[in-house]
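Fold and contact review
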Amino acid sequence: SLAMELPPSHFSAARAAAVAVGYLRYLRGGPGRGLELRALRRARRQDIDDVGHKYYLELELEDVLDKDRTVSCTAEVLYHLGSRGTAPDVQVTVQGELSSTEEADEEFYHRIRSLEKELVAENIPDSHGNVPPELEPIHLLAWVASGYVIWQNSTENTKFHLAQVKHVKQVKRSDEDLQFDFVVLLHEMVSQEVLPWEVTVLWHPQHGARVPQHS
Amino acid sequence: HQVLRIKTKNEEEVKQLQLLESLEHLELDFWINPSAPALPVDVRIPAASVQSVKAFLESQGIEYSILIRDLQDVLDKEKQDMAESAQRQRSSSFDFGAYHTLDDINEELDHLASEYSFVEKIQIGESYEKRPLYVLKFSTGGSNRPAIWLDAGIHSREWVTQASALWIANQIASDYGTDASITSLLDKMDLFLLPVANPDGFVYTHTSNRMWRKTRSKIPGSVCVGVDPNRNWDAGFGGPGASNKPCSDSYHGPSANSEVEVKSVVDFIKNHGNFKAFLTLHSYSQLLMYPYGYKCTRPDDYAELESLGRAAASSIRSLYGTTFQVGTICNTIYQASGGSIDWSYDNGIKYSFAFELRDTGRYGFLLPANQIIPAAKETWLGLKRIMEHVRDKSS
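Bear in mind the structure is a predicted one, so any value in this text is a computation, not a measurement. Starting afresh in each chain, residues are numbered from 1 along the sequence in its written order. Chain letters and ligand numbers both follow the written order, the letters beginning at A and the numbers at 1. Under the rules for a predicted model, residues below a pLDDT of 70 receive no local features and side-chain atom pairs below 80 are neither given nor counted, while totals for whole chains, interfaces and linings still include all residues. The basis for every side-chain value is the complete set of non-hydrogen atoms in the structure, without hydrogens or water.

Side note on the interface of chain A and chain B
Opposite the 27 residues of chain A that make contact, chain B presents 28 residues. Here chain A and chain B share an interface that buries about 2,300 Å² over both sides, 49% of which is from carbon and sulfur atoms. Accessible-area loss on putting two parts together, using a 1.4 Å probe and summing over both, is the definition of buried area adopted here. Contact with chain B buries area across many residues of chain A, yet A:Ser127, A:His128 and A:Gln192 alone supply 23% of it, more than any other trio. The working definition used for a salt bridge is a side-chain nitrogen of Lys or Arg within 4 Å of a carboxyl oxygen of Asp or Glu. Inspection of the chain A/chain B interface yields 1 salt bridge. Here A:Glu136 makes a salt bridge to B:Arg362, at a shortest N to O gap of 3.6 Å. For the purposes of these results, a polar contact is taken to be a pair of N or O atoms within 3.5 Å, where, inside protein, one atom must be able to donate a hydrogen and its partner to accept one; residues adjacent in sequence count only when each atom of the pair is a side-chain atom. At the junction of chain A and chain B, the tally comes to 11 residue pairs in polar contact (both at pLDDT 80 or more). Mapped by element, the contributors of at least two residues to the side of chain A that touches chain B are α1 (11-28), α3 (136-153), β7 (160-171) and β8 (178-188) of chain A. Helix and strand assignments come from DSSP, with helices taken as H or I runs of at least 4 residues and strands as E runs of at least 2, each series counted from the N terminus. A total of 4 residues in the side of chain A that touches chain B trace back to one element, the largest contributor, which is β7(A). We call two residues contacting when some pair of their heavy atoms lies within 4.5 Å.

Quick word on unusual backbone geometry
With an omega of -5°, the peptide bond running from B:Ser283 to B:Tyr284 counts as cis. Within the secondary structure, B:Tyr284 is located in the loop between β9 (275-283) and β10 (287-290). Cis geometry marks the peptide bond from B:Pro291 to B:Tyr292, where omega comes out at 10°. Even without being glycine, A:Asn123 reaches a positive phi, approximately 50°. Note on placement: A:Asn123 falls in strand β6 (residues 120-124). Any residue under 20% of the maximum accessible area for its type is buried, any over 50% is exposed, and the rest in between are partly exposed; the area is computed with a 1.4 Å probe on protein chains only. Residue classification places A:Asn123 among the partly exposed positions, given a relative accessible area of 30%. The backbone of B:Gln286 sits at a positive phi, close to 60°, despite the residue not being glycine. Turning to its location among the elements, B:Gln286 is positioned in the loop between β9 and β10. Exposure remark for B:Gln286: the relative accessible area of 10% places this residue in the buried category.

A look at the state of the cysteines
All names here are of chain B. In this description, a disulfide is simply a cysteine sulfur pair whose atoms lie within 2.5 Å. According to the stated counting rule, one finds 2 disulfides over all chains in the structure shown. Shown here is the disulfide that connects cysteine 224 with cysteine 247, its sulfur atoms set 2.0 Å apart. Across the S-S bond linking cysteine 224 and cysteine 247, the dihedral sits near 90°, which makes this disulfide right-handed. Note that cysteine 224 is positioned in the loop between α7 (199-207) and α8 (260-272) and cysteine 247 in the loop between α7 and α8, a separation of 23 residues in sequence. Note on cysteine connectivity: cysteine 296 is disulfide-linked to cysteine 330, with sulfurs 1.8 Å apart. Here cysteine 296, found in the loop between β10 and α9 (302-320), pairs with cysteine 330, found in helix α10 (residues 329-332); they are 34 residues apart in sequence, far enough to count as distant. Accessibility expressed as a relative area gives 3% for cysteine 330, which makes it buried. For chain B, the disulfide bridges join cysteines in the arrangement 1-2, 3-4, where the cysteines are counted in sequence order.

Description of helix α6 (residues 180-188) of chain B
All names here are of chain B. Residues Ser181, Ile182, Thr183, Leu185 and Leu186 constitute the buried set of α6. Summarising the contacts, the buried residues of α6 are in contact with β6 (132-138), β7 (147-152), α5 (159-175), β8 (190-194) and α12 (372-394). Its side-chain oxygen placed 3.0 Å from the backbone nitrogen of serine 181, aspartate 179 serves as the N-cap of α6.

Side note on the environment of B:Asp228
Residues and elements named next belong to chain B. If you trace the backbone, aspartate 228 turns up in the loop between α7 and α8. Among the residues examined, aspartate 228 registers a relative accessible area of 0% and is labelled buried. In the structure, aspartate 228 is positioned 23 residues away from tyrosine 251 in sequence and 5.4 Å away in space, judged by C-alpha atoms. Setting aside residues up to four positions removed in sequence, aspartate 228 forms contacts with His155, Arg213, Lys214, Asp249, Ser250 and Tyr251. There is a polar contact of 2.6 Å between the side chain of aspartate 228 and the side chain of arginine 213. Only 2.9 Å separates the side chain of aspartate 228 from the backbone nitrogen of asparagine 230, close enough to count as a polar contact.

A few points about the UniProt feature "domain: Peptidase M14" (unreviewed entry) in chain B
Here, UniProt's "domain: Peptidase M14" (unreviewed entry) annotation points to residues 98-390 of chain B. Here residues 98-390 of chain B runs as 38% helix and 17% strand, with 31 Å between its end C-alpha atoms. UniProt positions are given in the numbering used here, feature names are shortened, and annotations may be inferred rather than shown by experiment.

Digging into the domain arrangement of chain A
Residue and element names in this part refer to chain A. Taken as a whole, chain A is organised into domain 1 (4-95) and domain 2 (101-214). Those domain boundaries reflect an automatic or database domain assignment. One C-alpha centre belongs to domain 1, the other to domain 2, and the line joining them spans 20 Å. Counting residues at the interface gives 26 residues for domain 1 and 26 residues for domain 2. For the pair domain 1 and domain 2, the summed buried surface comes to about 2,200 Å²; carbon and sulfur atoms form 66% of the total. When residues of domain 1 are sorted by the area they lose upon contact with domain 2, Arg15, Tyr26 and Pro31 head the list and together hold 36% of the total. For the pair domain 1 and domain 2, the number of links is 1 salt bridge. With a shortest N-O distance of 3.4 Å, glutamate 156 and arginine 45 are connected by a salt bridge.

Some remarks on the packing of α6(B) against α12(B)
Residue and element names in this part refer to chain B. Where helices are involved, their axes are fitted lines through C-alpha atoms of the stretch in contact, as for all axes, and angles between N-to-C directions lie from 0 to 180°. Where α6 meets α12, the axes come as close as 10 Å, and the angle between the chain directions of the two elements is 50°. Between α6 and α12, the angle falls in the class oblique. When the axes of α6 and α12 are compared, the crossing they make is left-handed. Along its contact with α6, which presents Ser181, Ile182, Ser184, Leu185 and Lys188, the element α12 presents Trp380, Lys384, Met387, Glu388 and Arg391. Classifying every residue of the contact of α6 with α12 by side-chain character gives 4 nonpolar, 2 polar and 4 charged. Should an angle lie under 35 degrees it is considered roughly parallel, over 145 roughly antiparallel, and from 65 to 115 roughly perpendicular; all remaining angles are considered oblique. Note: crossing handedness is left-handed where the near helix turns anticlockwise from the far helix by less than a right angle, and right-handed where it turns clockwise. Charged means Asp, Glu, Lys or Arg here, nonpolar means Ala, Val, Leu, Ile, Met, Phe, Trp, Tyr, Cys or Pro, and polar covers whatever is left, Gly included.

Quick notes on the domain arrangement of chain B
Each assigned domain of chain B is listed with its residue range as follows: domain 1 (2-69) and domain 2 (81-214 + 228-394). Each of domain 1 of chain B and domain 2 of chain B was reduced to a C-alpha centroid, and the two centroids are 63 Å apart.

Here's what the structure looks like:
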């Protein structure tokens with residue numbers, strides 16, 4: 001069937017946009033880059049028989065570390081029929097270039113690698129919304145990790161946001177990746193539950209981030 | 001009353017003063033009693049006795065000077081000085097740009113009520129754990145004038161709302177008499193502000209769990225605690241968009257108005273009988289919504305509420321560019337039954353709006369304190385826009 005135009009303020013469009021942003025954070029986020037949705041410009045929905053519901057989105061994003069610059073992207077989010085246990089299929093195309101984070105990435109990498117004791121932290125942000133500057137990159141890596149969890153666990157009836165990093169522990173590795181074991185609190189808007197989730201993320205300045213399969 | 005200082009030259013004069021002391025009908029109050037010639041004698045004399053005491057002293061050649069010409073003046077000035085000092089101390093010590101405990105908030109409500117003659121702190125009930133539900137009443141006169149209701153913090157983890165409500169209270173109080181719009185508003189209407197609609201939950205977010213949303217009532221037959229107070233109103237109660245499971249964060253409760261925090265507001269508004277607007281603050285998502293939540297059909301006043309909502313969102317945006325989406329609850333966020341503005345609307349309060357304040361998820365419930373005042377300021381512009389419309393339609 002044809003794709004139907006949705007008002008961008010409609011909740012179903014907003015939910016699909018949150019999935020797209022989660023996916024993009026997982027793919028392109030890092031300790032030096034946190035992408036936030038500035039505006040949902042356009043949304044269409046298509047009901048595909050025997051497959052599921054597909055959303056076509058036009059998004060405007062900003063980098064939280066450089067709010068004056070925005071970047072446009074298009075996204076497609078396909079929620080599978082009877083979507084129990086299957087993550088939505090997501091494709092995102094970024095128009096133009098995201099600003100380079102090479103310098104910040106290298107600096108963070110070397111700082112963490114040269115720590116004598118593994119990094120441990122809790123409650124990021126704290127109750128009053130504070131994030132100590134040296135923990136902001138960890139906060140942004142939590143966005144990457146939770147972006148993965150959000151993408152994997154979203155349905156048309158959920159809208160997840162990272163509410164807080166409850167706990168993070170660095171795990172030293174014999175290879176060149178940095179490893180962080182997170183306990184994140186995810187706020188699910190529809191049920192209003194705040195749910196703890198354990199997720200491990202591996203990161204390297206050249207290789208980017210990944211969530212290992214067993215996480 | 002005057003206070004005299006008497007300088008005795010010899011024992012004889014001291015004896016004269018001791019004689020004076022014994023005359024009870026004069027009602028003299030010696031601050032320093034006559035004892036020895038070298039020591040001064042200070043005495044407070046009631047107005048009626050002043051002339052006769054002075055005449056006596058002069059006839060005896062006893063020297064005196066007037067220490068205090070009018071004691072009441074001195075007492076009045078001292079009282080004023082103390083009040084001003086306390087005010088200065090308070091207003092410079094309440095930081096509207098920080099998050100506060102319930103005790104500090106209640107103290108500030110007392111301060112506002114004492115500083116402004118048209119502001120009164122009233123108690124409309126008690127929470128489950130017996131904490132008072134305090135409402136600030138802004139009224140410049142009249143008798144049961146048409147009124148506006150504003151509440152915050154019904155969901156305790158939404159800290160920017162209680163904080164913004166305090167800033168807004170202070171702003172309204174100080175704007176009366178200086179801002180033309182607020183002055184004309186309060187000259188015609190009363191305003192009732194409940195800054196902490198869920199005090200038990202609020203204390204719990206400070207002491208135990210920052211992410212607590214519900215009340216703290218015990219639920220018979222369950223180990224879980226608390227009811228979602230914004231699913232507990234008698235509007236489509238128990239319908240879609242609320243959970244019947246006690247452990248859920250959107251549990252609607254055993255029955256409508258089962259939560260004393262909700263019932264107290266319902267009773268207050270019904271007994272008052274003359275509310276024209278019902279406005280409630282939540283966070284986060286940056287939304288400005290009107291009924292309905294419990295059903296996905298448009299309210300009868302859809303056109304007017306949509307238009308007013310857009311105007312208010314435009315006012316909000318004018319300050320810092322913050323965008324709020326406007327629409328019915330059902331279209332904008334989700335279908336949700338038992339909500340407060342659906343109840344108020346179905347009970348004849350046409351101008352019923354729910355605000356979801358900053359942000360859109362970057363910090364969510366944990367909005368940094370340095371955003372409290374900007375959030376309060378922009379929200380205030382939206383509220384004002386709505387209130388002005390209500391004022392114009394109510395006169």
